[in-house]
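Results of the structural survey
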Amino acid sequence: MMNLAFPKSAYVRTAIWQAQLAGELPRDALAGRDDLAPQAISTLQLMHATMLLKRLAGQLGAVPDAAEHPSVALVLMGPMLWSRLELQGGSLQARVHVNGAQPGDVVLVTDTPAIEAIVEGSLRFEQAIERGLVRLYGPQAQVDRLATWLAAV
């Protein structure tokens, strides 16, 4: 369904996988752990993704004039986790576990390893976009504004 709503969004998973194989993106440290129950692994992965999204919101919120940028709905393809980056009380917050994009949102499609590399500083957003690790959807003017904002991180 994602690929129908957001054309070529499925390519993000392949680009992430290829970057992981090349050692350019982190692999999931919990994958293949036989000593943990699958539910525990899912919970830990979700907690990790939530922490990364909150750190990303903090970094984006520190960019001057963050209030003037478009609202962002962000989906992590692996867990299919929808979140929104939105202003609350004058600061940018990550709202995790939302139902999807709101009207007027620019949609950012990626996955946890790309967000982790961006937050940790080993990958810049513009590199992630160029390599297909991140895709942006919405009206072109809004997408361009978001890409400029992201490049400032």
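The coordinates are above.
The structure contained in this document is the topic of the report that follows. Keep in mind it's a predicted model, so treat the numbers as computed, not measured.

Parameters at a glance
Residues numbered from 1 in each chain as written. Predicted model: local features only at pLDDT ≥ 70, side-chain atom pairs only at ≥ 80, totals over all residues. Heavy atoms only, no water. Salt bridge = Lys/Arg side-chain N within 4 Å of Asp/Glu carboxyl O. Helix = DSSP H or I, 4+ residues; strand = E, 2+ residues; numbered from the N terminus. Buried < 20%, exposed > 50% of the residue type's maximum accessible area, 1.4 Å probe, protein only. Phe/Tyr/Trp six-rings, centres within 6.5 Å; stacked < 30°, edge-to-face > 60°. Core = buried A, V, L, I, M, F, W, Y, C linked by side-chain atoms within 4.5 Å. Contact = heavy atoms within 4.5 Å. Pairing = 2+ DSSP bridges. Axes fitted to C-alpha atoms, helices over the stretch in contact; angles between N-to-C directions.

Further remarks concern the pattern of salt bridges. Per the stated rule, a full pass over the model turns up 7 salt bridges. A salt bridge links Glu120 to Arg55, with the nearest nitrogen and oxygen atoms 2.8 Å apart. With Glu120 in helix α4 (residues 112-120) and Arg55 in helix α3 (residues 38-61), the pair connects residues that are 65 residues apart, well separated along the chain. A relative accessible area of 34% places Arg55 in the partly exposed class. A salt bridge links Arg95 to Glu86, with the shortest nitrogen-to-oxygen separation between them at 3.1 Å. Using a relative accessible area of 36% as the deciding quantity, one classes Arg95 as partly exposed. According to the relative accessible area criterion, Glu86 is buried, its value standing at 12%. Overlapping salt bridges bring together Arg84, Glu86, Arg95 and Asp105 as one network.

Applying the stated rule across the entire model yields 2 aromatic pairs. For the ring pair Phe6 and Trp82, a centre distance of 6.1 Å and an interplane angle of 50 degrees mean the geometry is tilted. Note that Phe6 is positioned in the loop between α1 (2-5) and α2 (11-21) and Trp82 in strand β2 (residues 81-88), a separation of 76 residues in sequence. Considered together, Phe6 and Trp82 belong to a single accessibility category, that of buried residues. Members of the aromatic cluster, joined through ring pairs, are Phe6, Trp82 and Tyr137.

Among soluble globular proteins, nonpolar side chains are generally buried collectively. Grouped together as the largest cluster of nonpolar side chains are 46 residues, with contacts concentrated most on Leu56, Leu74, Trp82, Leu85, Leu108, Val109 and Leu133. Beyond its immediate stretch of four places on either side in the chain, Leu133 contacts Val12, Ala15, Ile16, Ala19, Leu25, Val109, Thr110, Ala114, Leu123 and Ala128.

A word on the sheet that holds β2. In a beta sheet, neighbouring strands are held together by backbone hydrogen bonds and run either parallel or antiparallel to one another. Pairing is mixed in the open sheet, where 5 strands are placed in the order β3-β2-β1-β4-β5. Taken across any chain shown, the strands that pair with only one partner, and hence form the sheet edges, are β3 (91-96) and β5 (135-137). Put simply, the sheet's adjacent strands are angled 25 degrees from each other on average, direction ignored. Pairing analysis gives 5 bridges linking strand β1 (residues 72-76) to strand β4 (residues 106-110), with the strands arranged parallel. When the bridges of β4 are listed, Leu76 appears paired with Thr110.

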